[in-house]
Amino acid sequence: MPADLDEVAIVPSLDNIISILGKSLSDPELRLILAPLKLDNNLRNVGERWVANFRIHAGVQLDFVESGSSRGASLAQVTLYRENEMAAAEWPGELPFGLTFKDSPEQMFAKIGRPPERHDDSDFTGVAMWFFPLFNLSIRYDTVENVLLMVRLLPPEGELVS
């Protein structure tokens, strides 16, 4: 099922997502960018992290690392989903490097333009990871249907701010 149109209107842009990676939940910029999602109403404590799951409606999940309380947690990763992956609607926004979920692994590698720092293929899926100055990028893809399944954006190493 495609993302709900009401949810599509409130998802942050790719540039905004990248700008808040690693920032604390108390950071004013993060609060402003995520305000339309009603983040506080959707945060759930899951072990040592806080999760805001918008997969069913908007194909996105936000994970914050635990640092004592939800306000001290920092945005550790943003996962963007292909339709039906983890029972998600498809992320309606932009993906990095002009990627689309319909891209094959070969198209993905060509669009990113350099080999991944980490890469692992199994019989059915593969995972590739790149490190960039503003964010780290992890992509899981299907090696049978040759499509992208999940795109995960993470702060550069050591960039979590509590």
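I will try to describe carefully the structure that is included in this document.

**With respect to the environment of isoleucine 56**
Mapped onto the secondary structure, isoleucine 56 falls in helix α5 (residues 55–58). Leaving out residues up to four positions away in the same chain, isoleucine 56 has contacts with Ala87 and Ala89.

**Brief notes about the packing of aromatic side chains**
Applying the stated criterion across every chain, the model contains four aromatic pairs. Ring centres of phenylalanine 97 and phenylalanine 132 lie 5.1 Å apart, and the angle between their planes is 45°; this geometry places the pair in the tilted category. On the criterion of sequence distance, the pair formed by phenylalanine 97 in the loop between β4 (74–81) and α6 (105–112) and phenylalanine 132 in the loop between β6 (125–131) and β7 (136–142) is long-range, its members being 35 residues apart. Using a relative accessible area of 36% as the deciding quantity, one classes phenylalanine 97 as partly exposed.

**Digging into the pattern of salt bridges**
Overall, the coordinates contain six salt bridges when judged by the stated rule. Among the salt bridges present, the one from glutamate 29 reaches lysine 23, with a minimum N-O distance of 2.4 Å. Glutamate 29 sits in the partly exposed class, given a relative accessible area of 31%. Close ionic contact of glutamate 117 with arginine 114 constitutes a salt bridge, the shortest N to O distance being 2.8 Å. What makes glutamate 117 partly exposed here is its relative accessible area of 39%. Using a relative accessible area of 31% as the deciding quantity, one classes arginine 114 as partly exposed.

About the cut-offs
- Residues numbered from 1 in each chain as written.
- Predicted model: local features only at pLDDT ≥ 70, side-chain atom pairs only at ≥ 80, totals over all residues.
- Heavy atoms only, no water.
- Helix = DSSP H or I, 4+ residues; strand = E, 2+ residues; numbered from the N terminus.
- Contact = heavy atoms within 4.5 Å.
- Phe/Tyr/Trp six-rings, centres within 6.5 Å; stacked < 30°, edge-to-face > 60°.
- Buried < 20%, exposed > 50% of the residue type's maximum accessible area, 1.4 Å probe, protein only.
- Salt bridge = Lys/Arg side-chain N within 4 Å of Asp/Glu carboxyl O.

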